[in-house]
Amino acid sequence: MTYAITQTCCNDATCVAVCPVNCIHPTPEERAFGSTEMLHIDPRACIDCGACADACPVDAIFPVDALSAGQREYADINAAYYEGGERPAAGDEVDGPNFHVWGEPVFERSLPSDFGPLRVAVVGTGPAGMYAAQDLLLHTAAEVTLIDRLPVAGGLVRYGVAPDHPATKKVGDTFSRFHSHPRVRMHLGIEVGRDVTAEELSAHHDAVIYAVGASTDKRLGVPGEELPGCLSATAFVAWYNAHPEAVAQGVDLSAERVVVVGNGNVALDVARILVADPEALAATDIAAHALDALRASRVREVVVLGRRGPEDAAYTRSELLALKHVPGVELVVDGHDPRTGASIDAAAGADDRAGVLRGLPRVRTGAASPTDGERRIVLRFHSEVVEIQGGGGGVRSVRVTDGGGAGPVDLGAGLLLRAIGYRGLPVPGLPFDEASGTVPHDGGRVAGLPGGYVVGWIKRGPSGGIGANRTCAAETVGTLLADAVAGTLPAPTGDAKAFRRLARRRNRRVVDARGLAAIDRAERERGRLDGRPRVKLATVEELVATARSGRLLRLTR
């Protein structure tokens, strides 16, 4: 028996580090690691030890004979990666007591024996920031100050991962163990530029790592984009994930058809949530207001528009495969453009994005949504939005190109969600590249700001999933430590206590680690009473009040 890596692979390579036979590829040392959609286990070399499954932070690894019907394709995907003899079976590499040939040991960081503890602030508690904090805490004696503009930690793990992907959310458990670390101080609800300045952060720390992500979205630039009912996928995801800055009653689901522009993983996420069985979502941590709205929803069809063909789609094969197995939802392809069918028919197979679509029904979408049949998701390629037309105080239809030389057609729809990419915002006090939406840097070192560093999407742009941030953080932390050894970090003028006083003077509603623990307990208890894993607190006021009441209760015991 062998193991296989499935849809929720986060690519952080924890499994690679524990495999005794080097049968998981690509590894971080291989060129393909930075661009691969997921990691793969070689069935010829796997010795069925289960170490990778135990180490996986997102429960993505299972024995092949234990895969569910919807996951069995992943056994073939893992095996196909090694076909053609491109990768040798690890067990065949040597004849001796070792499982495989070990490379020469590499020590990427060499710290002096008298290297003293650093005081480092990490701005942002999503995956990028927490991988950086983890690196510092596990490999140095650094003291880490965690800062977030929201009164709760988690970033995109809490507010970006779809609620029906609970395994992916488990990576948050890996990070949460550091929230109460003895060398961590937490200040949640503090915004750089509003409550404290970048200069004040630097004055109280040896270094500051900014992991603020890419919090806004790109625009379509077409007439009608400002109409009510035309939203960003960013806002929609925030709405169903109970982000405290989302409008709880702000999405109208009274139309039968929704158009989603874009064909990345976020587009598939929002399409899937729109037509998923609300009672299945009731077993997740989806926002209570979103669950109520979805129960009353009239949406039966979601049309996902892709500007290019199926072979160039931005989503991962694993997410597309999962879309084929959503209970009660039919996945179909719009065959309006002959290039779409030609690409699918010519595809090599399941290892090709277009090949995954082979065998799916092909339809033609028109002005009206279908009046019978089950809920469905329509993948429409070679199609762009030309205009969004209004009526009745909102979106009435979406005019799109029809391909093959035909003129534009109108798709009747009451809601349009644009999922065409994220974009970073400037951080007051830091340089900013308007063209890329990132902070200029050299290996994570902010240009022109000694002691300032970046990690994650604000560093490299909105690319890569959760696990990509581990490698990104390793580079940034390595640069920071090299600067510390070289003595180029500016010396702070204030200490940790002085910063705590400053933060609380500027914002009386700061949440610390005990307050965060109180929020977690309250949400889990609300979930227990409702038969759910947790029911999220959905406003800043609720979060702060819960943090404060829980902290006061603990102090009085």
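Bear in mind that the values here come from a model prediction, so they are computed numbers and not experimental data.

Scoring rules and cut-offs
Residues numbered from 1 in each chain as written. Predicted model: local features only at pLDDT ≥ 70, side-chain atom pairs only at ≥ 80, totals over all residues. Heavy atoms only, no water. Phe/Tyr/Trp six-rings, centres within 6.5 Å; stacked < 30°, edge-to-face > 60°. Helix = DSSP H or I, 4+ residues; strand = E, 2+ residues; numbered from the N terminus. Buried < 20%, exposed > 50% of the residue type's maximum accessible area, 1.4 Å probe, protein only. Patch = residues over 30% accessible without salt bridge, like charges linked within 9 Å, V, L, I, M, F, W, Y side chains within 5 Å. Areas by Shrake-Rupley, 256 points an atom, 1.4 Å probe, with all protein chains shown as cover. Salt bridge = Lys/Arg side-chain N within 4 Å of Asp/Glu carboxyl O. Lys, Arg positive; Asp, Glu negative; His and termini not counted. Charge placed at Lys NZ, Arg CZ, Asp CG, Glu CD. Arc of directions from axis to C-beta. Contact = heavy atoms within 4.5 Å. Core = buried A, V, L, I, M, F, W, Y, C linked by side-chain atoms within 4.5 Å. Pairing = 2+ DSSP bridges. Axes fitted to C-alpha atoms, helices over the stretch in contact; angles between N-to-C directions. Polar contact = N/O pair within 3.5 Å; in protein donor to acceptor, adjacent residues only side chain to side chain. pLDDT = per-residue confidence, 0-100.

**Brief notes about the packing of aromatic side chains**
Part 1 of the reasoning: Considering all chains together, one arrives at five aromatic pairs under this definition.
Part 2 of the reasoning: Between the aromatic rings of Tyr-81 and Tyr-82, the centroid separation amounts to 5.1 Å while the plane-to-plane angle is 80°, which identifies the pairing as edge-to-face.
Part 3 of the reasoning: An angle of 45° between the planes, with centres 5.4 Å apart, marks the rings of Tyr-422 and Trp-457 as tilted. Of the two residues, Tyr-422 is situated in strand β20 (residues 422-423) and Trp-457 in helix α15 (residues 457-460); the sequence distance between them amounts to 35 residues. Each member of the pair, Tyr-422 as well as Trp-457, carries the same accessibility label: buried.
Part 4 of the reasoning: Here a set of aromatic residues connected by ring pairs shows up, and it is made of Phe-236, Trp-239 and Tyr-240.

**What to know about the environment of Gly-70**
Part 1 of the reasoning: Examined against the element boundaries, Gly-70 turns out to sit in the loop between β4 (61-63) and α3 (73-80).
Part 2 of the reasoning: Owing to a relative accessible area of 24%, Gly-70 belongs among the partly exposed residues under this scheme.
Part 3 of the reasoning: The spatial distance from the C-alpha of Gly-70 to the C-alpha of Leu-323 is 9.7 Å, given a sequence separation of 253 residues.

**Details of a positive patch on the surface**
Part 1 of the reasoning: Taken together, the side chains of Lys-497, Arg-501, Arg-505 and Arg-508 present a region of like positive charge at the surface.
Part 2 of the reasoning: Mapped onto the elements, Lys-497 comes out in helix α17 (residues 496-506).

**Some words on α3**
Every α-helical turn comprises 3.6 residues, leaving residues that sit three or four positions apart pointing alike.
Part 1 of the reasoning: Turning to α3, its buried residues are Tyr-74, Ala-75, Ile-77 and Asn-78. When α3 is viewed along its axis, its buried side chains cluster within an angular range of 165° and face the same direction.
Part 2 of the reasoning: In this fold, the buried residues of α3 make contact with β1 (3-5), β3 (40-41) and α13 (317-323).

**Describing the nonpolar core**
Part 1 of the reasoning: In this structure, Ile-24, Ile-209, Tyr-240 and Leu-379 are the most contacted members of the largest nonpolar core, which totals 118 residues.
Part 2 of the reasoning: Here Leu-379 is in contact with Leu-268, Val-304, Tyr-315, Leu-320, Leu-331, Val-332, Val-333, Asp-334 and Leu-357, once residues within four sequence places are set aside.

**A word on the sheet that holds strand β10 (residues 230-232)**
Part 1 of the reasoning: Taking strand neighbours across the sheet as the criterion, the seven strands line up as β10-β19-β11-β12-β15-β13-β14 in an open arrangement whose pairing is parallel. The outermost strands of the open sheet, each flanked by one partner alone, are β10 and β14 (362-363).
Part 2 of the reasoning: As defined by bridge partners, β10 adjoins strand β19 (residues 415-418) across three bridges and the pair is classed as parallel. The residue of β19 that forms the bridge with Leu-231 is Leu-417.
Part 3 of the reasoning: Where helix α10 (residues 265-275) meets the sheet, its contacts fall on β11 (257-261), β12 (301-305), β13 (329-334), β15 (375-380) and β19, and the angle it forms with β15 comes to roughly 155°.

**Things to note about the side chain of Thr-140**
Part 1 of the reasoning: Along the chain, the position of Thr-140 falls in the loop between α4 (127-139) and β6 (143-148).
Part 2 of the reasoning: Of the polar contacts made by the side chain of Thr-140, one reaches the backbone nitrogen of Ala-142; its length is 3.1 Å.
Part 3 of the reasoning: Setting aside anything within four residues of it in sequence, one finds Thr-140 in contact with Leu-111, Asp-135, Arg-183 and Leu-481.

**Here's the deal with the sheet that holds strand β16 (residues 385-391)**
Part 1 of the reasoning: Reading across from one edge, β16-β17-β18 is the order of the three strands in this open sheet, with antiparallel pairing throughout. Two strands in the sheet have a free side with no partner beyond their single neighbour: β16 and β18 (409-412). Each adjacent strand pair in this sheet contributes to an overall mean axis angle of 30°, direction not counted.

**Some thoughts on the pairing of β11**
Part 1 of the reasoning: For β11, the tally of buried residues reaches five of five residues, placing the bulk of the element in the interior.
Part 2 of the reasoning: Going residue by residue along β11, you find Arg-257, Val-259 and Val-261 tucked away on one face and Val-258 and Val-260 tucked away on the opposite face as well.
Part 3 of the reasoning: Looking at chain direction, β11 and β12 are connected through five bridges and run parallel. In the sheet register, Val-258 faces β12, and the bridge partner there is Val-302.
Part 4 of the reasoning: As judged from the four bridges shared by β11 and β19, these two strands associate in the parallel manner. Within β19, the position partnered with Val-261 by the bridge is Arg-418.

**Some words on the pattern of salt bridges**
Part 1 of the reasoning: Scanning all chains against the criterion turns up 37 salt bridges.
Part 2 of the reasoning: The partner of Glu-37 in a salt bridge is Arg-317, with the nearest N and O atoms 3.6 Å apart. Of this pair, Glu-37 sits in the loop between β2 (24-25) and β3 while Arg-317 sits in helix α13, and the two are 280 residues apart along the sequence.
Part 3 of the reasoning: Taking relative accessible area as the criterion, Arg-317 reaches 14% and is therefore assigned buried.
Part 4 of the reasoning: Among the salt bridges present, the one from Asp-345 reaches Arg-362, with a minimum N-O distance of 2.8 Å. Of this pair, Asp-345 sits in helix α14 (residues 338-346) while Arg-362 sits in strand β14, placing them 17 residues apart in sequence.

**Side note on the pairing of strand β17 (residues 394-400)**
Part 1 of the reasoning: Across the seven residues of β17, five count as buried, placing the element largely inside the fold.
Part 2 of the reasoning: The hairpin turn running from β16 into β17, its antiparallel successor, is two residues long, and Gly-392 in that turn takes a positive phi close to 70°.
Part 3 of the reasoning: Bridge count for β17 against β18 is four bridges, and the pairing is antiparallel. Bridged to Ser-397 within β18 is Gly-412.

**Quick word on the confidence of the model for the protein chain**
Caution applies to low-pLDDT regions: their predicted coordinates should not be interpreted in detail.
Part 1 of the reasoning: Here the protein chain averages 90 in pLDDT, and 92% of its residues register 70 or above.
Part 2 of the reasoning: Below a pLDDT of 50 lies the segment residues 88-92, which in the model reaches 13 contacts outside its immediate sequence neighbourhood of four places, other chains included.
Part 3 of the reasoning: Contacts for the low-pLDDT stretch residues 553-557, under 50 throughout, to residues beyond four places or in other chains number three contacts.

**Digging into the environment of Ala-513**
Part 1 of the reasoning: Position of Ala-513 among the secondary structure elements: in helix α18 (residues 513-530).
Part 2 of the reasoning: We classify Ala-513 as partly exposed; its relative accessible area is 29%.
Part 3 of the reasoning: Through-space distance from the C-alpha of Ala-513 to that of Arg-524 is 17 Å; in sequence the pair is eleven residues apart.
Part 4 of the reasoning: Contacts of Ala-513, omitting those with residues within four sequence positions, involve His-179 and Met-186.

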